[in-house]
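# Reading the structure
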Amino acid sequence: MQRRDFLKTAALGAAATAVPGPALTLPKPAPTLHRAAPTSTPATGTALLTDARYLDHVLIRSNGTRPPEVPERLIRMRAELEARGLIEATVPLAPTADPLDRIRAHHTAEHVDSVRQLGVTSRVAELAVSGALTAIDAVTDGTVRNAFCAIRPPGHHANNTGAEEGFCYYSNAAIAARYAQEVHGYERVVIIDWDYHHGNATQNAFYADPTVLFFSAHDWNAYPGTGDPSLTGQGDATGLNINAHLDCGATDADMLRHWDTALSPAVAAFDPDFVLVSAGFDSRRDDLLGCFALTDDAFRQMTRIAMDYADSCCEGRLVSLLEGGYNLDGTALAAAAHVETLLG
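The shown structure was predicted, so the numbers you read here are calculated from the model rather than taken from an experiment.

### Topic: the pattern of salt bridges
For the structure on display, the rule yields 22 salt bridges. Notably, a salt bridge pairs Asp-209 with Arg-178, separated by 2.5 Å at the nearest N-O pair. Of this pair, Asp-209 sits in the loop between helix H8 (200–206) and strand E5 (212–218) while Arg-178 sits in helix H7 (residues 172–182), and the two are 31 residues apart along the sequence. The buried category is assigned to Asp-209, whose relative accessible area is 11%. Here the residues in one salt-bridge network are Arg-76, Glu-80, Arg-84, Asp-329 and Glu-340, joined through shared partners.

And the structure:
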């Protein structure tokens, strides 16, 4: 599937230009709800949020090389979802939430001002945040029960350096968690990160925050070199930062063991109001930047368990955000397994 085919079927938006310009302008969402209390009738359905403008960002290094975080990731993924009938089975969503205030609330002014000099990339990075916020809105207002956001660039390495870190510019999952709390009134949020790489920026955002439980299963020896399992949180948040190291060659059983022994008991005790997933598919076997041996069945099982958490604690409220995944076929297959499971 080529870009023009994506444009025919994806949620469309005006393409960004290649020079620095004004802020991304999006339609204002409907007034959001401020509630954490259960609703009488749980929502149903799975949203697929995407937008053709996510293809406009192309990362090229100063030496002219092109890292594997490429637009083709979404093109191949969408082709696989369409081949399995998953496009028709899901509820289409396009990013509409205005992201800039939430980005500025999370990142330093210096970081935001620096990223906003990047033209097309800046506006696509803002659109990724918008997608995450729009999905939170849709799950909150009962449009759908859960959502998968096929967005890029990823976000879980974005701190406040003023530059791209690990292909990331803004901390999508962390911003979404704060949005769920501050705009929609959810008190406790769990963030599950199964990317091959440690979600260092997510950890940094909530390390001393007792209202967010963060779990990251990753290779501690890989980029960015963070994720020491001895780091468990600070102050009242001690025990709410869970880093699980997996060795190169880790299998489905190795991954799921950490869910059984560490994550599940922590979630049960924490009792979250909302579940977020940083869905990095570079933990799948044969990835270009990872060395785990996880199969698509691992992603099915992890998705099902995350849904069980959401079902037991918060009426199924779950939003999943694409992070890494650089083998085009492998990422597409794992994402399809993930979406199939979300659909139930």
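### Description of the packing of aromatic side chains
Within the structure shown, the criterion is met by nine aromatic pairs. Between Tyr-196 and Phe-292 the ring centres are 4.7 Å apart and the planes differ by 70 degrees, which places this aromatic pair in the edge-to-face class. In this pair, Tyr-196 sits in the loop between strand E4 (189–193) and H8 while Phe-292 sits in the loop between strand E7 (274–279) and helix H10 (296–314), placing the two residues 96 residues apart along the sequence. Both residues of the pair, Tyr-196 and Phe-292, belong to the buried class.

### Remarks on helix H11 (residues 328–343)
Here H11 spans 23 Å end to end across 16 residues, near enough to the 22 Å set by a 1.5 Å rise per residue. Turning to H11, its buried residues are Gly-330, Thr-331, Ala-332, Ala-334, Ala-335, Ala-336, Ala-337, His-338, Val-339, Thr-341 and Leu-342. Of the residues that open H11, the one with a side-chain oxygen 3.1 Å from the backbone nitrogen of Asp-329 is Asn-327. Following H11 by one or two positions, Gly-344 adopts a phi angle in the positive range, close to 80 degrees.

### What about the sheet that holds strand E6 (residues 241–245)?
Taken in spatial order, the eight strands line up as E2-E1-E3-E8-E7-E4-E5-E6 in an open sheet, and their pairing is parallel. Each of the sheet's edge strands pairs with one partner strand only, and the pair in question is strand E2 (91–93) and E6. Each strand of the sheet is rotated relative to its neighbour by a mean of 15 degrees, with strand direction disregarded. Both E4 and E5 contribute to a ladder of five bridges, which runs parallel. Within E5, the position partnered with Asp-193 by the bridge is Ser-216. H10 rests against strand E3 (146–149), E4, E7 and strand E8 (318–322) of the sheet, and its axis sits at about 165 degrees to E7.

### Observations regarding unusual backbone geometry
For the bond running from Arg-152 to Pro-153, omega is 0 degrees, close enough to zero to count as cis. Counting through the fold element by element, Pro-153 comes out in the loop between E3 and H7. We note that Asp-271 has phi near 55 degrees; this positive angle belongs to a residue other than glycine. Here Asp-271 lies in the loop between helix H9 (252–270) and E7. Take Asp-271: its relative accessible area is 35%, and that puts it in the partly exposed class. Of note in the backbone geometry, Glu-315 takes a positive phi value of approximately 55 degrees without being a glycine.

### Comments concerning the pairing of E6
Of all five residues in E6, four are buried, a share of seventy percent or more. Relative to E6, E5 runs parallel, the two being bridged by five bridges. Across the sheet, residue Ala-217 finds its bridge partner in E6, namely Ala-244.

### Here we look at the pairing of E4
Within E4, five of the five residues are buried, which leaves it mostly tucked inside the rest of the structure. The alternating pattern of E4 places Val-189, Ile-191 and Asp-193 and Val-190 and Ile-192 on opposite faces, both of which are buried. The parallel pair E4 and E5 is bridged by H8, and the resulting crossover is right-handed. Direction of pairing for E4 relative to E7: parallel, over a ladder of five bridges. Counted as the bridge partner of Ile-192 is Val-277 from E7.

### Quick look at the packing of H9 against H10
Contact pair H9 / H10: the axes reach a minimum separation of 11 Å and the direction vectors enclose 10 degrees. Comparing their axes, H10 and H9 come out roughly parallel. Between H9 and H10, the contacting residues are Asp-252, Met-255, Leu-256, Trp-259, Leu-263, Ser-264 and Val-267 on the first element and Asp-297, Ala-298, Gln-301, Met-302, Ile-305, Ala-306 and Tyr-309 on the second. For the contact of H9 with H10, the residue count by class is 10 nonpolar, two polar and two charged.

### Let's talk about the nonpolar core
Membership of the largest hydrophobic core comes to 100 residues, with the highest contact counts inside it found for Phe-148, Trp-259 and Val-319. By residue number, the principal contributor to this core is helix H6 (residues 120–140), which donates 12 residues. Look past the residues within four positions of Val-319 in its chain and what remains in contact with it is Ala-135, Ile-136, Val-139, Ala-147, Cys-149, Phe-274, Val-275, Leu-276 and Val-277.

Calculation rules
- Residues numbered from 1 in each chain as written.
- Predicted model: local features only at pLDDT ≥ 70, side-chain atom pairs only at ≥ 80, totals over all residues.
- Heavy atoms only, no water.
- Salt bridge = Lys/Arg side-chain N within 4 Å of Asp/Glu carboxyl O.
- Helix = DSSP H or I, 4+ residues; strand = E, 2+ residues; numbered from the N terminus.
- Buried < 20%, exposed > 50% of the residue type's maximum accessible area, 1.4 Å probe, protein only.
- Phe/Tyr/Trp six-rings, centres within 6.5 Å; stacked < 30°, edge-to-face > 60°.
- Expected span 1.5 Å × (residues − 1).
- Polar contact = N/O pair within 3.5 Å; in protein donor to acceptor, adjacent residues only side chain to side chain.
- Pairing = 2+ DSSP bridges.
- Axes fitted to C-alpha atoms, helices over the stretch in contact; angles between N-to-C directions.
- Contact = heavy atoms within 4.5 Å.
- Right-handed = clockwise from strand over helix to strand, strands pointing away.
- Parallel < 35°, antiparallel > 145°, perpendicular 65-115°, else oblique.
- Nonpolar A, V, L, I, M, F, W, Y, C, P; charged D, E, K, R; others polar.
- Core = buried A, V, L, I, M, F, W, Y, C linked by side-chain atoms within 4.5 Å.

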